[in-house]
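# Residue-level structure breakdown
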Amino acid sequence: MVDILRLHESIRGAFPEFTTDPAVHAHLFSPYALFVDRPALEAMGRVAAAVFDVAGNPGYSQRVLQWAPDIATHDPGSAGGVLGLDFHLTVDGPRLIEVNTNPGGLLLNAVLLDAVRSCAPAAWTTWTTATEAHSAAVAAWLDDARQQSGRAPSRVAIVDSAPREQFLYPEFELYADAFREHGVDCVIRAPEDLRFGPEGLADADGPIDMVYNRLTDFALEEASHADLRQAYLAGDVALTPHPRAHALFADKRNLAVLGDAALLGGFGVDAGLTALLAEVIPTTVEVVPGNRDALWAARNGYFFKPAAGFGSRGSYRGDKLTRRTWESMASATYIAQAFAPPSMRIVHGGQSLKADVRCFASEAGVLLFAARLYQGQTTNMRTPGGGFAAVLTTPLIGE
């Protein structure tokens, strides 16, 4: 088991700016690790590579951009940085539940690695080290910015609404420190702090040429995001992840396309990739007037999610869905995904925790695997014993 109190203390020792609220972050980290065999993790890595590959296919992009906001047609010249691909582990192998473009927890889980390696059983190890994951994470965001602007950024702003009130604000501090370690000045800002003018995007202290985007207004439609939107469309700031990345990867309707081997084959996607994605993506359909009655009748076999949702908000297991909630969902765009149950982690005292695995990946490959342990319908950071958990796997031969 990981000593969580000592972990928080060690993080604060290494990163003095790291601040957590014991009342808010009591279950940020789990004391337990999740054990996953290496072939399953390798399969997830192949899926991540396949998703990046398909996103570059013109037929696929044309198809999914049909339901995307207009801003997604602007191509800044990069893939969009890091994806978080969430998997459930089933008896038939990993199942891809969703894809996220501004995945939280990458650096937090990187610092967790050293703590778990110190107490892991001898026959198990982590996929990577804390140092390697930390460096790869920052490099992925900086590389994405370079692809957009053609140069290394000099000043980056980590941007989110009311950043100090965000649950993952401690990770913003870790990123700010990490960017500075790589020679890039970094600040944490709310979108209202940014102004776009003749000299480009700036805050009160000077110009900003890269924004690490943690906003959940994926199309930058809110009034407070107008300056950031203008700077992005003008090509005056490297924004990562950006609206086009969300449209190509993270709209949940895309899973219906990614999982359709015949459709992808028609776009010219490699047959091996189409077969892989069809195998790992549970059957997914958009909820439309023509299938609502049938989906309601078969609801026990589905999980329902808002197409542009995030953080499990507005998501429902079909067998827990009330008629009243179902009717209210008609005003939003939802997908129905065949239910792939999460695996279970039995911990001390016989407590059962559900588990999912997040594969953090960029175009360069897998950066880190992490787990979330929880109880309830969806992942959360409120379960005693739950939270972010390290993934331990079998060593490579020769390690």
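A brief report on the enclosed structure follows.

Conventions and cut-offs
Residues numbered from 1 in each chain as written. Predicted model: local features only at pLDDT ≥ 70, side-chain atom pairs only at ≥ 80, totals over all residues. Heavy atoms only, no water. Helix = DSSP H or I, 4+ residues; strand = E, 2+ residues; numbered from the N terminus. Rg over C-alpha atoms; globule rule 2.2 N^0.38 Å. Buried < 20%, exposed > 50% of the residue type's maximum accessible area, 1.4 Å probe, protein only. Contact = heavy atoms within 4.5 Å. Areas by Shrake-Rupley, 256 points an atom, 1.4 Å probe, with all protein chains shown as cover. Lys, Arg positive; Asp, Glu negative; His and termini not counted. Charge placed at Lys NZ, Arg CZ, Asp CG, Glu CD. Pairing = 2+ DSSP bridges. Salt bridge = Lys/Arg side-chain N within 4 Å of Asp/Glu carboxyl O. Patch = residues over 30% accessible without salt bridge, like charges linked within 9 Å, V, L, I, M, F, W, Y side chains within 5 Å. Expected span 1.5 Å × (residues − 1). Core = buried A, V, L, I, M, F, W, Y, C linked by side-chain atoms within 4.5 Å. Axes fitted to C-alpha atoms, helices over the stretch in contact; angles between N-to-C directions. Parallel < 35°, antiparallel > 145°, perpendicular 65-115°, else oblique. Nonpolar A, V, L, I, M, F, W, Y, C, P; charged D, E, K, R; others polar. Polar contact = N/O pair within 3.5 Å; in protein donor to acceptor, adjacent residues only side chain to side chain. Left-handed = near helix turned anticlockwise from the far one by under 90°.

## Here's the deal with the overall build of the chain
Per the secondary structure count, the chain includes 13 helices and 19 strands. Its C-alpha atoms give the chain a radius of gyration of 21 Å, within 12% of the compact-globule value 21 Å for 399 residues. The dimensions of the chain, computed from C-alpha atoms along their principal axes, are 55 × 50 × 45 Å. Counting across all 399 residues of the chain, residues that qualify as buried make up 56%. Considering only contacts within the chain whose residues lie at least 6 apart along the sequence, 72% involve residues at least 24 apart. Within the structure as shown, the chain displays about 16,700 Å² of accessible surface, and the carbon and sulfur contribution to it stands at 51%. Charge-centre separation for the chain: the mean point of 32 positive side chains lies 7 Å from the mean point of 45 negative side chains.

## Notes on the sheet that holds strand β7 (residues 195-197)
Reading across from one edge, β7-β8-β9 is the order of the 3 strands in this open sheet, with antiparallel pairing throughout. The open sheet terminates on both sides in strands that have one partner only, identified here as β7 and β9 (206-207). In this sheet, strand β8 (residues 200-203) lies alongside β7 in antiparallel orientation, the contact comprising 3 bridges. Its bridge partner being in β8, Phe-196 is matched across the sheet by Leu-201.

## A short note on the pattern of salt bridges
Taken as a whole and judged by the stated rule, the model has 13 salt bridges. Arg-317 is the partner of Asp-319 in a salt bridge, and the nearest nitrogen-oxygen pair spans 2.5 Å. Among the salt bridges present, the one from Arg-372 reaches Asp-356, with a minimum N-O distance of 2.8 Å. Placement of the pair is Arg-372 in strand β18 (residues 365-374) and Asp-356 in strand β17 (residues 352-362), with a sequence separation of 16 residues. The same class applies to Arg-372 as to Asp-356, namely buried. Each of the salt bridges in this network shares a partner with another, and the network as a whole consists of Arg-155, Asp-185, Arg-189, Asp-203 and Asp-205.

## Regarding a negative patch on the surface
Where like charges cluster on the molecular surface, the negative patch consists of Glu-192, Asp-193, Glu-221 and Glu-222. Residue placement: Glu-192 occurs in the loop between β6 (185-189) and β7. Glu-192 gets classed as partly exposed once you look at its relative accessible area, which sits at 45%.

## With respect to helix α2 (residues 38-55)
Between the first and last C-alpha of α2 there are 26 Å, a value that for 18 residues agrees with the 26 Å anticipated at 1.5 Å per step. With respect to burial, α2 is a largely interior element, 13 of its 18 residues being buried.

## Things to note about the environment of Cys-186
Relative to the helices and strands, Cys-186 is located in strand β6. Its relative accessible area of 2% is what places Cys-186 among the buried residues. The sequence separation of Cys-186 and Tyr-175 amounts to 11 residues, and the corresponding C-alpha distance is 8.6 Å. The residues touching Cys-186, leaving out its near neighbours within four places in the chain, are Val-156, Ile-158, Ala-176, Phe-179 and Arg-180.

## A word on the nonpolar core
Grouped together as the largest cluster of nonpolar side chains are 50 residues, with contacts concentrated most on Leu-85, Leu-96, Phe-249 and Leu-277. Not counting the four nearest positions on each side in its chain, Leu-96 is found in contact with Val-47, Val-51, Leu-85, Asp-86, Phe-87, Leu-255, Val-280, Ile-281, Pro-282 and Gln-337.

## Observations regarding the sheet that holds strand β11 (residues 238-240)
Ordered by their spatial adjacency, 4 strands build an open sheet running β6-β5-β10-β11, and the pairing between neighbours is parallel. The sheet terminates laterally at β6 and β11, the two strands that pair on one side only. Here the strands of the sheet are splayed against their neighbours by 20° on average, with no regard to which way each runs. Bridge count between strand β5 (residues 155-159) and strand β10 (residues 210-213): 4 bridges; the pairing is parallel. By the bridge assignment, Ile-158 is partnered in β10 with Tyr-212.

## Some thoughts on the packing of helix α4 (residues 106-117) against helix α6 (residues 169-181)
Where α4 meets α6, the axes come as close as 8 Å, and the angle between the chain directions of the two elements is 80°. As judged from the angle between their axes, α4 and α6 are roughly perpendicular. On α6, the residues touching Leu-106, Leu-107, Leu-108 and Val-111 of α4 are Glu-171, Leu-174, Tyr-175 and Ala-178. For the contact of α4 with α6, the per-class residue count stands at 7 nonpolar, no polar and 1 charged.

## Topic: the side chain of Thr-383
Positionally, Thr-383 belongs in the loop between β18 and β19 (387-393). Among the polar contacts made by the side chain of Thr-383, one reaches the main-chain amide nitrogen of Gln-375 at a distance of 3.1 Å.

## With respect to the packing of α2 against helix α11 (residues 271-280)
Running from amino to carboxyl end, α2 crosses α11 at an angle of 120°, the nearest separation of the two axes being 10 Å. Classed by the angle they form, the pair α2 and α11 counts as oblique. The two elements α2 and α11 meet at a crossing, and its hand is left-handed. Only Leu-273, Leu-276, Leu-277 and Val-280 of α11 make contact with α2, whose side of the interface consists of Arg-46, Val-47, Ala-50, Val-51, Asp-53 and Val-54. Of the residues assigned to the contact of α2 with α11, the class counts are 8 nonpolar, no polar and 2 charged.

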